[in-house]
Amino acid sequence: MKGNVVLAPDKFKGSLTAEQAARAMAQGVCRADPRITPILCPVADGGEGTLEAVLAAGFEPVDAAACGPTGALVHTAYARKGSRAVVELADICGLQRLPSATPAPVTATSYGLGSVIAQALDDGCRDIVVGVGGSASTDGGAGMLMALGVEILDRYGRPIAHGARGLADAAHLDLGGLHPGLGRATVTLAADVDSPLCGPLGAAAVYGPQKGILDDQIDEVDSSLSKWADLVEEAVGADYRDARGAGAAGGVGFAALAVLQARMRPGIEMILDLVDLDRKLLDARMVVTGEGSLDGQSLRGKAPVGVSRCARPHGVPTFAIAGVSTLTRAQAQTAGFGAVRTLNELEPDLSRCTKYAARLLTVVTERLIRESTESSFG
């Protein structure tokens, strides 16, 4: 049966990028019925893979060099379309950029992110979208601000050290050198974290352990973040520490909201707008989404659920394929999935499932399309 099938997967972490997953799915669609046109639309939720998703949607890459989370030079890029720039924190100074994946819990910095934002501003971009998932640092966004011209000094008038450790020494904040391009630009953070900066639900307590912060360091880092928030409040005349999303990316959210006057949008919502999923759904008969793992946390706004929500107003049924899934039938229905299929149904050995993910994804997609064609395409 003729028709379009939109393929909108996120990455299968450790196996396939979102674009690779979409291509594997496309092979399955064509095997099932060559009359069906697969429309590839890889997606992301603001974290790792954001840059790739928007480049696949027609943005152009602009090469950049910046400091990684430990200060080592990394070669990265931002994506541009007209005056809009999309910057992915994860590809600049995220966990994936840690040397040998070794955590740097109190010294990792967001400085590189600020450098790439500054480059985009210098290049004339006036609409800056920042995907902030996958951060390696808990520096309250201080590093980002320093790269954008903000002066942060200790009580002796010296620049503070990078990372959460340096925040403890922050005594003076001067916003006078803030990049002038920010006065003519808007900054939007694509993030799914709505936590505050400090406290038991804050950046250090909730996300610090994922970045290597030890239990006996959490209170110290949280105290430094609180002191940093006091300093910023004094400089900007308002307290943003409890703002929704202030704790995103180890406090990058806080610095962006308070100093850059950024706005927050749910990561998947922002990315789906950027990749123009709504338009691609107009002539679609169904959409297939997916990622490496589907579980109860996925219901809180992960990419596949975001795709389902986007498709619902169009009356387009959504199906999901994952490497593994622990969703119950009721949870899958709540998420809006007509069905959920997994790769480990074909290959129970997880190591082999990971190794042969592309091949398995093609087979599972082919079977799903054949099954769905009978019920959905009539």
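Residues numbered from 1 in each chain as written. Predicted model: local features only at pLDDT ≥ 70, side-chain atom pairs only at ≥ 80, totals over all residues. Heavy atoms only, no water.

As recorded in an unreviewed UniProt entry, the protein goes by the name Glycerate kinase, listed as coming from Mycobacterium stomatepiae. The Sequence similarities (unreviewed entry) comment attached to the protein in UniProt states, word for word, "Belongs to the glycerate kinase type-1 family." (UniProt positions renumbered as here; feature names shortened; annotations may be inferred.)

Trainee: Mind showing me how you'd approach the overall build of the protein here?
Mentor: Summing up its helical and strand segments, the protein has 15 helices and 13 strands in all. Since a compact globule built from 378 residues should have a radius of gyration of about 21 Å, the 22 Å found for the protein is in line with a globular shape. Taken along the three principal axes of its C-alpha coordinates, the protein extends 75 × 45 × 35 Å. Relative to its 378 residues, the protein shows a buried fraction of 54%. Surface accessibility of the protein: about 15700 Å² in total, with carbon and sulfur atoms responsible for 49%. (Helix = DSSP H or I, 4+ residues; strand = E, 2+ residues; numbered from the N terminus. Rg over C-alpha atoms; globule rule 2.2 N^0.38 Å. Buried < 20%, exposed > 50% of the residue type's maximum accessible area, 1.4 Å probe, protein only. Areas by Shrake-Rupley, 256 points an atom, 1.4 Å probe, with all protein chains shown as cover.)

Trainee: Would you explain the domain arrangement of the protein in this entry?
Mentor: Note on interface size: it is often stated as the accessible area lost on association of the parts. Entries for the protein in the domain assignment read domain 1 (4–42 + 277–375) and domain 2 (50–268). The straight-line distance from the C-alpha centre of domain 1 to that of domain 2 is 32 Å. Contact with domain 1, which involves 7 residues of that partner, is made by 5 residues of domain 2. Of all residues in domain 1, the largest losses of buried area upon contact with domain 2 belong to Glu19, Pro42 and Gly301, amounting jointly to 54% of the total for that side. Taken together, domain 1 and domain 2 are joined by 0 salt bridges. (Domains from an automatic or database assignment. Contact = heavy atoms within 4.5 Å. Buried area = accessible area lost by both parts, 1.4 Å probe. Salt bridge = Lys/Arg side-chain N within 4 Å of Asp/Glu carboxyl O.)

Trainee: For this particular structure, what's the right way to read the side chain of Thr76?
Mentor: Among the secondary structure elements, Thr76 is positioned in strand S4 (residues 73–81). A relative accessible area of 8% places Thr76 in the buried class. A distance of 2.7 Å separates a polar atom in the side chain of Thr76 from a polar atom in the side chain of Asp91. If we ignore the near neighbours within four places in the chain, the residues touching Thr76 are Val62, Asp63, Ala64, Asp91, Ile92, Arg97 and Val116. (Polar contact = N/O pair within 3.5 Å; in protein donor to acceptor, adjacent residues only side chain to side chain.)

Trainee: For this particular structure, what's the right way to read the nonpolar core?
Mentor: One finds Leu113, Ile128, Val132, Met144, Ile152 and Trp228 to be the most contacted residues of the largest nonpolar core, which totals 59 residues. Broken down by element, the residue count for this core peaks at 7 residues, all from helix H8 (residues 215–236). Ignoring anything within four residues of it in the chain, the contact list for Ile152 reads Ala142, Met146, Arg158, Pro159, Ile160, Ala170, His172, Leu173 and Trp228. With 29 residues, the next largest nonpolar core counts Ala77, Ile268, Val287 and Val307 among its residues. (Core = buried A, V, L, I, M, F, W, Y, C linked by side-chain atoms within 4.5 Å.)

Trainee: I keep staring at the pairing of strand S1 (residues 3–9) and nothing clicks. Help me out?
Mentor: Moving residue by residue along a regular strand, the side chains alternate between the two faces of the sheet. Judged by how many residues are buried, S1 sits mostly within the fold: 6 of 7 residues are covered. Each parallel crossover has a hand, and the one from S1 via helix H1 (residues 18–32) to strand S2 (residues 36–40) is right-handed. As judged from the 6 bridges shared by S1 and strand S11 (residues 284–294), these two strands associate in the parallel manner. By the bridge assignment for S11, Asn4 is matched with Ala284. (Right-handed = clockwise from strand over helix to strand, strands pointing away. Pairing = 2+ DSSP bridges.)

Trainee: Can you walk me through the sheet that holds strand S6 (residues 127–131) in this structure?
Mentor: Pairing between the strands of a sheet comes from backbone hydrogen bonds, and it takes one of two forms, parallel or antiparallel. Pairing is mixed in the open sheet, where 6 strands are placed in the order S3-S4-S5-S6-S9-S10. With one partner strand each, in any of the chains shown, strand S3 (60–67) and strand S10 (263–265) form the two edges of the open sheet. The mean inter-strand angle of the sheet, taken between neighbouring strand axes irrespective of direction, is 30 degrees. Along the sheet, helix H4 (residues 111–122) contacts S3, S4, strand S5 (84–88) and S6; its crossing angle with S3, the most-contacted strand, is approximately 135 degrees. (Axes fitted to C-alpha atoms, helices over the stretch in contact; angles between N-to-C directions.)

Trainee: Is there a simple way to explain the sheet that holds strand S13 (residues 337–342) in this structure?
Mentor: What the 5 strands build is an open sheet, ordered S2-S1-S11-S12-S13; its pairing is parallel. The sheet is open, and its two edges are formed by S2 and S13, each paired on a single side. Ignoring strand direction, the axes of neighbouring strands in this sheet form an average angle of 25 degrees. H1 rests against S1, S2, S11 and strand S12 (318–325) of the sheet, and its axis sits at about 150 degrees to S1. Running over the sheet, helix H12 (residues 303–311) touches S1, S11, S12 and S13 and is turned about 160 degrees from S11.

Trainee: Please explain the layout of surface pockets as it appears in this structure.
Mentor: Over the atoms, a rolled probe matching the size of one water molecule traces out where space is still vacant. Considered as a void within the structure, the second largest pocket measures approximately 180 Å³ in volume. Residue lining of the second largest pocket: Ser325, Leu327, Thr328, Arg329, Ala332, Gln333, Phe337, Gly338, Ala339, Val340 and Thr342, and that is the complete set. Elements with a minimum of two residues in the lining of the second largest pocket: helix H13 (329–334) and S13. Among the elements that make up the lining of the second largest pocket, the one with the highest residue count is S13 (5 residues). (1 Å grid on protein atoms, 1.4 Å probe; cavity = no way out; pocket = protein on both sides within 12 Å on 5 of 7 lines; lining within 4 Å. Points joined across faces, edges and corners; volume = space filled by probe spheres on them.)

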